[in-house]
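Here's the letter readout for the chains.
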Amino acid sequence: MLGNDYAQARKQYVEEVRRSFHHADRDEYEMEPEAGAASFWKVRLLMALCIFGAFVLCDQTGNRFYHYTTDEIVDKITEEKFQPQLDSIREAWNALKEQ
């Protein structure tokens, strides 16, 4: 009987130790995607700030950026190139909603 109690206690101890490691691993892996996503957004923000800084510098000095002036860049950004396609998609969506 004494050996049986010892075996049960030992088995319970081993299971508790396994559970403690299992929880630590799971928590560790859950934190990794968030850290990766946060660093991705930081890099993206840094790149956007660098591009904006280059745009402002070119605007202040009158330099060209890849053979474009800052006025040409602003015109290209504000150009509504895909407006007819967007309007047709909106019309089709409204027609589907009405049915």
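None of the values given here were measured: they were computed from a predicted structure.

The full count for this structure, using the stated rule, is two aromatic pairs. Between Phe40 and Trp41, the aromatic rings sit 5.4 Å apart at their centres with planes inclined by 70°, giving edge-to-face as the arrangement.

A separate point is the side chain of Thr70. One can find Thr70 in helix H2 (residues 70-78). Looking at Thr70, the relative accessible area reads 10%, which means it is buried. Discounting chain neighbours no more than four positions away, the residues touching Thr70 are Phe55, Cys58 and Asp59.

On the surface, Phe65, Tyr66 and Tyr68 cluster together into a nonpolar patch covering about 370 Å² of accessible area. On the secondary structure map, Tyr66 appears in the loop between helix H1 (2-61) and H2.

You can see Cys58 is positioned in helix H1. Residue Cys58 is classed as buried on the basis of its relative accessible area of 11%.

What follows covers the confidence of the model for the protein. Predicted coordinates in regions of low pLDDT should not be interpreted in detail. Mean pLDDT over the protein works out to 82, with 83% of the residues at or above the 70 mark. Within the protein, the element-level pLDDT minimum falls on H1, averaging 79, and the maximum on helix H3 (residues 83-98), averaging 89.

Rules and cut-offs
Residues numbered from 1 in each chain as written. Predicted model: local features only at pLDDT ≥ 70, side-chain atom pairs only at ≥ 80, totals over all residues. Heavy atoms only, no water. Phe/Tyr/Trp six-rings, centres within 6.5 Å; stacked < 30°, edge-to-face > 60°. Helix = DSSP H or I, 4+ residues; strand = E, 2+ residues; numbered from the N terminus. Buried < 20%, exposed > 50% of the residue type's maximum accessible area, 1.4 Å probe, protein only. Contact = heavy atoms within 4.5 Å. Patch = residues over 30% accessible without salt bridge, like charges linked within 9 Å, V, L, I, M, F, W, Y side chains within 5 Å. Areas by Shrake-Rupley, 256 points an atom, 1.4 Å probe, with all protein chains shown as cover. Salt bridge = Lys/Arg side-chain N within 4 Å of Asp/Glu carboxyl O. pLDDT = per-residue confidence, 0-100.

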